[in-house]
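# Summary of structural features
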Amino acid sequence: MTKHTEQHYFAGLDLAGKRVVVVGAGTVAQRRVPRLINSGALVDVIAPEATPAVEAMAEAGDLTWHRRPYADGDLEGAWYVVACATGAEVNAAVAAEAERRRIFCVRADDASQGTAVTPAVAQHGGLLLGVLAGGDHRRSAAVRDGLVEALRTGVVDERSEPPAPGVALVGGGPGDPDLITVRGRQLLGRADVVITDRLAPRELLEELGPHVEVVDASKIPYGRAANQDVINSLLIEHAKAGKFVVRLKGGDPYLFGRGFEELLACVEAGVAVTSVPGITSAFAAPAAADVPVTHRGVAHEVVVVSGHVGPHDEQSLVDWPALGRLRGTLVLMMAVKRIREFAAVLIEHGRDPKSPVAVVQEGTTRNQQTLRTTLGEVADAVRDAEIKPPAVIVVGPVADLAPESRR
């Protein structure tokens, strides 16, 4: 019988608690099985060998792996079958048995010889999107990606009703607007009010609709600052006025971002609040400059330290003598102004003055600059290079690991 792949009937299958057989445990199965597991299907994989990822799923109890070749009769009791063995003969035999048993079967090596096909799939905010393009896989993937991007940016409005009043604390990431999380971008697209600061990706604000109120709560280092109590009050005031408020921050809300203070204030005021983690510049900025904060055989520890107060300030909660004795990676945030003090106290307590240091200014943005020096010379180097906040300072052997061709 001739298969007309361009005229499939699109349906959603409820596979929860139902047996699904996957013949083959290579890279195709590795891609297909997780979604089957997430659907609640009882997945049986039949294959003499498996990729490490499929084997790990079996060891975790997510699926049952039968370590043997396929044999006729293996599909008894199945509701759905995926034939993705290495050999075409095996896949043909699986498809033939599925046809006899009237079980829908996806044949990965030749879709036209199966009775079902797998669409290009994506999830977005509770929506499951699937695209079929008559066998043109590149086209279906491209359309799927375009739809998801349109939903994420608000070009396509998928809201069936306005969001409930409340507050979302959203980490905007290290600076590049593309590095905000999918969830963060989604909530930003639904906001009535956005309260932001100078470290949040500014380009994201350009995507907001004209109806969105933007409140500038910028905290300029060592200059004019919006009082945290005022910010808390604004979040609560707008939420209680029936608005959905996004508090857009740079990096992650809970890494020196006072996010938990804002959560506590909202909870105390009876305002619904959720938190969306963000990619922190403590790790992303060094990565953008080819500085791994850990590396096998080089660093087994990473300590992230706030430099907003000096090492001898009575408000400091940092055990600087202990940090001086560490051999791993030390990431200093908000430390440009006091870097001479920090370098001196680390050297005083045992850190080698020749320890490599990398300073990454405005990491992941078009204005990124990287300075490489040593702990003993970092203060003068930062001054001479006119490094300004925001900058991340990495101390330790990892700061000397970048490929020579990319220094």
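Since the model is a prediction, treat every value here as computed from it, not as a measurement. (Residues numbered from 1 in each chain as written. Predicted model: local features only at pLDDT ≥ 70, side-chain atom pairs only at ≥ 80, totals over all residues. Heavy atoms only, no water.)

## Considerations on the sheet that holds strand E2 (residues 42-46)
- The five strands are arranged E3-E2-E1-E4-E5 in an open sheet whose pairing can be described as parallel. Bordering the open sheet on either side are strand E3 (64-66) and strand E5 (104-107), each of which pairs with just one other strand. For this sheet the average axis-to-axis angle between neighbouring strands, irrespective of direction, equals 20°.
- With respect to the sheet, helix H1 (residues 27-38) is in contact with strand E1 (19-23), E2, strand E4 (80-83) and E5, its orientation differing from that of E1 by roughly 175°. (Pairing = 2+ DSSP bridges. Helix = DSSP H or I, 4+ residues; strand = E, 2+ residues; numbered from the N terminus. Axes fitted to C-alpha atoms, helices over the stretch in contact; angles between N-to-C directions. Contact = heavy atoms within 4.5 Å.)

## Some details on unusual backbone geometry
- Of the consecutive residues Pro389 and Pro390, the connecting peptide bond is found in the cis state with omega at 0°.
- Within the secondary structure, Pro390 is located in the loop between helix H11 (378-384) and strand E17 (391-395).
- Even without being a glycine, Thr364 presents a positive backbone phi close to 75°.
- By the element assignment, Thr364 lies in the loop between strand E15 (356-361) and strand E16 (369-374).

## As for the nonpolar core
- Trp320, Leu332, Ile339, Val359, Val382 and Ile393 are the most contacted members of the largest nonpolar core, which has 24 residues in total.
- Secondary structure elements with two or more residues in this core: helix H9 (320-325), strand E14 (329-333), helix H10 (339-348), E15, H11 and E17.
- Looking at this core element by element, the count peaks at five residues for H10.
- Every residue in contact with Trp320, bar those within four places of it in the chain, is listed here: Val305, Pro311, Leu332, Phe342, Val345, Leu346 and His349.
- In terms of nonpolar packing, the next biggest core, distinct from the first, is built from 21 residues, Val20, Ala29, Leu36 and Ala41 among them. (Core = buried A, V, L, I, M, F, W, Y, C linked by side-chain atoms within 4.5 Å. Buried < 20%, exposed > 50% of the residue type's maximum accessible area, 1.4 Å probe, protein only.)

## Structural notes on the sheet that holds strand E11 (residues 244-249)
- Pairing is parallel in the open sheet, where five strands are placed in the order E10-E9-E11-E8-E12. Here the strands that pair on one side only, and so sit at the sheet edges, are strand E10 (213-216) and strand E12 (273-276). Adjacent strand axes in the sheet meet at a mean angle of 20°, parallel and antiparallel pairs treated alike.
- In the sheet, strand E8 (residues 166-171) pairs with E11 via six bridges, with the strands oriented parallel. By the bridge assignment for E11, Leu169 is matched with Arg247.
- Sheet contacts for helix H6 (residues 228-240): E8, strand E9 (193-196), E10 and E11; angle to E11, the most-contacted strand, approximately 155°.
- Where helix H7 (residues 259-268) meets the sheet, it contacts E8, E11 and E12, and its direction lies at approximately 170° from that of E8.

## Let's talk about the packing of aromatic side chains
- A full pass over the atoms with the stated rule returns two aromatic pairs.
- With centroids separated by 5.7 Å and ring planes inclined at 85°, the aromatic side chains of Tyr254 and Phe260 adopt a geometry described as edge-to-face.
- Take Tyr254: its relative accessible area is 39%, and that puts it in the partly exposed class.
- Its relative accessible area of 45% is what places Phe260 among the partly exposed residues.
- When the centroid spacing of 5.0 Å and the interplanar angle of 15° are considered together, the rings of Trp320 and Phe342 count as stacked. Here Phe342 lies in helix H10 and Trp320 lies in helix H9, a separation of 22 residues in the sequence.
- Here the basic side chain of Lys18 rests over the ring of Trp79, its NZ or CZ set 5.0 Å away from the ring centre. (Phe/Tyr/Trp six-rings, centres within 6.5 Å; stacked < 30°, edge-to-face > 60°. Lys NZ or Arg CZ within 6 Å of the ring centre and 35° of its normal.)

## Some words on the UniProt feature "active site" (unreviewed entry) in the protein
- According to UniProt, the "active site" (unreviewed entry) feature falls on Asp197 and Lys219.
- Mapped onto the fold, Asp197 is located in the loop between E9 and E10.
- The class for Asp197 is buried, based on a relative accessible area of 11%.
- Within polar-contact distance, the side chain of Asp197 engages the backbone nitrogen of Leu199 at 3.1 Å. (UniProt positions renumbered as here; feature names shortened; annotations may be inferred. Polar contact = N/O pair within 3.5 Å; in protein donor to acceptor, adjacent residues only side chain to side chain.)

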